[in-house]
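An overview of the molecular structure
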Amino acid sequence: MELLRDMNEVLSYLREGEVVTCNGKDLFVLKGEKVWRYAEGTRFPMGLKDFTELYMKNRFYLYEESVEIDETKDEAYYRYYRK
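Residues numbered from 1 in each chain as written. Predicted model: local features only at pLDDT ≥ 70, side-chain atom pairs only at ≥ 80, totals over all residues. Heavy atoms only, no water.

**Here's the deal with the nonpolar core**
Nonpolar side chains tend toward joint burial in soluble globular proteins. Note the threshold: To define a nonpolar core, start from buried Ala, Val, Leu, Ile, Met, Phe, Trp, Tyr and Cys residues and group those joined through side-chain atoms within 4.5 Å. Summary of the burial criterion: residues with accessible area below 20% of their type's maximum are buried, those above 50% are exposed, and those between are partly exposed, where the area comes from a 1.4 Å probe applied to protein chains only. A helix here means a DSSP run of H or I that spans at least four residues, while a strand means a run of E at least two residues long, and both kinds are numbered starting from the N terminus.
V10, L14, V20, F28, V35, F51 and F60 are the most contacted members of the largest nonpolar core, which totals 17 residues. Breaking this core down by element, the ones donating at least two residues are α1 (7–15), β3 (27–31) and α2 (48–55). Here this core gets 5 residues from one element, more than from any other, and that element is α1.

**With respect to the pattern of salt bridges**
Basically, it comes down to this: Whenever Lys or Arg places a side-chain nitrogen within 4 Å of a carboxyl oxygen from Asp or Glu, that contact is recorded as a salt bridge.
Using the criterion set out here, one finds 2 salt bridges in the structure. Linking R5 and E9 is a salt bridge whose minimum nitrogen-to-oxygen distance equals 3.8 Å. Among the residues examined, R5 registers a relative accessible area of 73% and is labelled exposed. In this structure E9 comes out as buried when scored by relative accessible area, which is 13%. Here R37 and D26 are joined by a salt bridge, their closest N and O atoms 3.5 Å apart.

**Side note on α1**
What counts, and what does not: Contact definition: two residues touch when any of their heavy atoms are within 4.5 Å.
Those residues of α1 not exposed but buried are M7, E9, V10, L11, Y13 and L14. Along its buried surface, α1 packs onto β1 (2–3), β2 (20–21), β3, β4 (34–39), α2 and β6 (61–62). The positive-phi residue at the C-terminal boundary of α1 is G17, with phi of around 95 degrees.

**Re the environment of L54**
Tracing the backbone through its elements, the reader meets L54 in helix α2. Sequence separation of L54 and G24 is 30 residues, and the distance between their C-alpha atoms is 18 Å.

**A closer look at unusual backbone geometry**
At E40, a residue that is not glycine, the phi angle is positive and equals roughly 50 degrees. Counting through the fold element by element, E40 comes out in the loop between β4 and β5 (42–47).

In structure tokens, the structure reads:
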């Protein structure tokens, strides 16, 4: 994950439709004029001003979803066994 420099860069990425995170488990998404925070099965919106004031001192990272595939498990699952 790429560390974002400051709140201006965070807001810029959010406006471009990107997802940002503080710890990899929470997600921040911009929808309209509200920033939505998704964490631990909850979600809540806040205005841009509130978001900036509440999270000014946090470190943000550009969220990159990585999908890891264990090919050994795939091979065992898809292997054809004759009886």
